[in-house]
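# Coordinates in review
Below, each chain spelled out in residue letters.
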Amino acid sequence: PRSPGEFGSARYWDRFFRQRGQRPFEWYGAFPELCPVLRKYVRPRDKVLVVGCGNSELSEQMYDVGMCEDIVNIDISDAVIRQMQERSGSARPKMSYLLMDMLQMDFPDAHFQVVLDKGTLDALLTDEEEATIAKVEQMFAEISRVLQVGGRYLCVSLAQAHVLKKAVEYFSQEGWVVRVHQVASSGDKQQFVLPVFVYVMTKFRKIPGSAPQILEICPEEQDKPMRMESAERLVAAVKDRQHYALLCSQISKSPCREQVSLDLCDKESGKPRYTLHVVDSPSVKPSRDNHFAIFIIPQGRETEWLFGTEEGRRQLAASAGSGRLLTVALHREQHYEGMAGIQAELSGKVMELAPPGLPARQQVPFLSVGGDIGVRTVRHCDTSPLSGEYVVEDVKGDDSCYFRRLIFLRNRNVVQSEARLLAPTPLQGQKKRRKDKKKPSPAEPPGAIDKSYLCCEHHKAMVAGLCLLGGPNALPGELAVLVVGLGGGSLPLFVHDYFSQARVAVVEIDPSMLEVATHWFGFSQGDRMQVHVSDGLDYVAKLAAEAPAQYDAVMFDVDSKDLTVGMSCPPPAFVEKPFLQKVKSILKPEGVFMLNLVCRNARLKESVLATLRDIFPLLYVRRIQGEVNEILFCQPSPEGRRDPAEMGARARALEGALRQPGRPWDSAYALADVLQAVHIL
């Protein structure tokens, strides 16, 4: 057509069908694909009206397979009606073709049990102009008039958002039940990429008042409909499936330039069940049998660098030696029946994401670490007014070690706090019973917290930064340390336990986090450890006004609740110049301010660093490999500047002082190694 408006013109369609001749024109939705859906809603004795029939074979095929025979077809094109009357003729005596405008039909009220529309609504509703909407509403009103109560309007459509939204809103407001079926694809994506949908609108008598709307969607792989709470949510669900179809088409034809991420959701709850990343490795030359592989990430390990970052996944794909690797992360709210169950569940879906050129009937391997899906046990879940939903979970890491983690579900891919769990030790004098051969469950991890172990690299860097304190030949003795941000309490606990003369004050805005740290992470208060439930901004401001220059070290490890600013740690207010001046004022002249900075916005990060340089004449940075975190060591006096050799020597001395008899010390804490990568800014 020269313009979308011609789709509603009888002259256009006459010209179109004359030029096309006898060849049937099927826009989309071949009968074998539509048949399973149509059979649910068309009964053999139904009287069926097909609006805008064109020269499609759909009515003929329904007739020929015995689905239904009493079929009336109408169209505004005289040319196509005469063509179809000649084509069907006496072969289908109970089926008729009539020249009629669906906007003004001659049929009596409640004359049909089914009205079938294949692409007609899509052709009419080409825009949202007032005149177009008026025609569409007239079409809907006529369909409603000729349908019996309990009758079905079946509309085959590509479900453009404005088309679907208009149909759903109109009929749901009339009190009809609206269900959207996704039509199962034949697998031939060459002709048409977008999925086809069938709207099923079932007519009910309109109930006065505000009756609840019944809106449902049936994805192609399941019969059971999913209830949607609103028209907007139904339109969004359809849009998700359209995007997925486009994605599958795209990546089946060419490699992904960037890693693609998508969620596969649970059929019952609609919640994410699997998170998939498609990782292509153009530089890898796969063997004949290794074009495509699936890697199941063990539960609880999806946040690790190898699995949780683009660079890590690239390395994983290279080590797997496959041209395309599909990583699969498992969600904590879901239950999984082992590797075999996951493989059975995903095997059909993952093949839709196969790379171009995958040989037919190629066996695709499912890989994992150690061949299992890992262990994740949710110990506690709750909601905090400040931090939102959170969970405490135990996960199995490498070498059968277990770790306890705190996760804020608003940012579920980030571990907020982590602690290693101690392996269980038998009680003294306890003998093993010979008869009791029951082995402990591998899914039941130990419970005691290993307080000697710092899981987070940025916490290790902060501990190492304490070697910046003291005179030329002195190491820190009595220390006054302020930690803003408690989390699970690992950092203040470590400072308290390993620096026997340290007095540690912790500021935490969320009282729920104090409960979590106490009950689940082995945190406790005492003479040298006090927690103040307060806003860190207010607490520092009060100290600056009442008791300046009292802290040897101030550590900020506080997350931002606003995920839109590009800086997840700390909140922007904590790095504004007036506040940082207050931080400087509560430090002793030779003290050190340590800041955990997590900022993905390059311009914002440069602004933060410029502000810090204005206030602190001496600034060091320690970048955490494989993470966005950077630890900034800020000192109020330039006289504290140390060269790398001196810093290394002091770090080794500090480590030696902390390695006291009877006190466990993890070999991972080579403090000198931590500080080797420190740069002066």
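Given the structure is predicted, the values throughout are model-derived calculations rather than measurements. (Residues numbered from 1 in each chain as written. Predicted model: local features only at pLDDT ≥ 70, side-chain atom pairs only at ≥ 80, totals over all residues. Heavy atoms only, no water.)

## A look at the packing of helix 16 (residues 577-586) against helix 17 (residues 602-615)
Running from amino to carboxyl end, helix 16 crosses helix 17 at an angle of 45 degrees, the nearest separation of the two axes being 10 Å. With respect to helix 17, the axis of helix 16 lies oblique. For the pair helix 16 and helix 17, the sense of crossing is right-handed. Residues Lys577, Leu580, Gln581 and Lys584 of helix 16 touch helix 17, and the partners they reach there are Thr611, Leu612, Asp614 and Ile615. Within the contact of helix 16 with helix 17, the residues separate by chemical class into 3 nonpolar, 2 polar and 3 charged. (Axes fitted to C-alpha atoms, helices over the stretch in contact; angles between N-to-C directions. Helix = DSSP H or I, 4+ residues; strand = E, 2+ residues; numbered from the N terminus. Parallel < 35°, antiparallel > 145°, perpendicular 65-115°, else oblique. Left-handed = near helix turned anticlockwise from the far one by under 90°. Contact = heavy atoms within 4.5 Å. Nonpolar A, V, L, I, M, F, W, Y, C, P; charged D, E, K, R; others polar.)

## Some remarks on the sheet that holds strand 1 (residues 48-51)
Backbone hydrogen bonds hold the strands of a sheet together, and the pairing may be parallel or antiparallel. Taken in spatial order, the 9 strands make up an open sheet running 3-2-1-4-5-7-6-8-9, and their pairing is mixed. Of all strands in the sheet, those with a lone pairing partner are strand 3 (96-99) and strand 9 (226-228), marking the two edges. Mean inter-strand twist for the sheet, computed between neighbouring axes without regard to direction, equals 20 degrees. Note that strand 6 (residues 177-182) and strand 7 (residues 197-202) share 6 bridges and pair antiparallel. The partner of Val178 across the bridge, within strand 7, is Met201. (Pairing = 2+ DSSP bridges.)

## A short note on the pairing of strand 24 (residues 587-599)
Of all 13 residues in strand 24, 10 are buried; the element is thus mostly enclosed. Bridge analysis of strand 24 against strand 26 (residues 630-635) gives 5 bridges, and the strand direction is antiparallel. Note on strand 26: the bridge partner recorded for Leu595 is Leu632. (Buried < 20%, exposed > 50% of the residue type's maximum accessible area, 1.4 Å probe, protein only.)

## What to know about the side chain of His459
Checked against the element boundaries, His459 lands in helix 12 (residues 457-464). A relative accessible area of 9% means that His459 is categorised as buried. Leaving out residues up to four positions away in the same chain, His459 has contacts with Leu454, Ser490, Leu491 and Asp557.

## Points about the pairing of strand 15 (residues 376-384)
Examined bridge by bridge, strand 15 and strand 16 (residues 388-396) share 8 bridges and lie antiparallel to one another. The residue bridging His380 from the neighbouring strand is Val392, located in strand 16. Hairpin connection of strand 15 to strand 16: 3 residues between the antiparallel strands.

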